[in-house]
Amino acid sequence: ARFSKMGGKYDQWYRTKIQAKTKILNCGITGGSRPMIMKLLRRMTEVLQDPALAIRKKQEDINLNMAALNYIIYNEFEGSFSSGAPVHSVYKRFEAKRTDVWFIHK
């Protein structure tokens, strides 16, 4: 739903490139070297301020941070990010007793 709110190339990418098995990445656990994070933040700013976003044209106000993050990570950081163990537990499984991961998802 968020990619359709973005419209254009973002929605097209989601509809043609994302498969059912693709993990949707969460903004809540984001880290890396300073240069990598600076690049990510620059790109997040660019995408979220893109005048071509469908919601901008409609003057809607909606949070698109996760959609933007996934678009950027899968298009520009492919092969250079980690998700799942040992970084974090499974999202919304409330695995509070795990000791094999650095972060426990809510």
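Note on numbering: residues in each chain are counted from 1, in written sequence order. Thresholds applied to this predicted model are a pLDDT of at least 70 for local features of residues and 80 or more for the giving and counting of side-chain atom pairs; totals over whole chains, interfaces and linings are not thresholded and use all residues. Heavy atoms from the whole structure form the basis of all side-chain values; hydrogens and water molecules are not counted.

S.K.: Any chance you could break down the pattern of salt bridges for me, citing the residues and the numbers?
M.R.: Salt bridges are defined as contacts in which a side-chain nitrogen from Lys or Arg sits within 4 Å of a carboxyl oxygen from Asp or Glu. Tallied over the full model, the rule gives six salt bridges. Here aspartate 11 ties to arginine 15 by a salt bridge, and the two come within 3.0 Å at their closest N and O atoms. Here arginine 15 and aspartate 11 lie together in helix H2 (residues 8-17), a separation of four residues that amounts to about one turn. Classification of residues uses two cut-offs on accessible area relative to the type maximum, computed with a 1.4 Å probe and protein chains only: under 20% is buried, over 50% is exposed, and between them is partly exposed. The class of aspartate 11 is buried, set by a relative accessible area of 15%. In this structure, the salt-bridge partner of arginine 98 is glutamate 95, at a minimum N-O distance of 3.1 Å. Given a relative accessible area of 24%, arginine 98 falls into the partly exposed group. Using a relative accessible area of 22% as the deciding quantity, one classes glutamate 95 as partly exposed. Numbering of helices and strands runs from the N terminus; a helix is a DSSP stretch of H or I covering at least four residues, while a strand is a stretch of E covering at least two.

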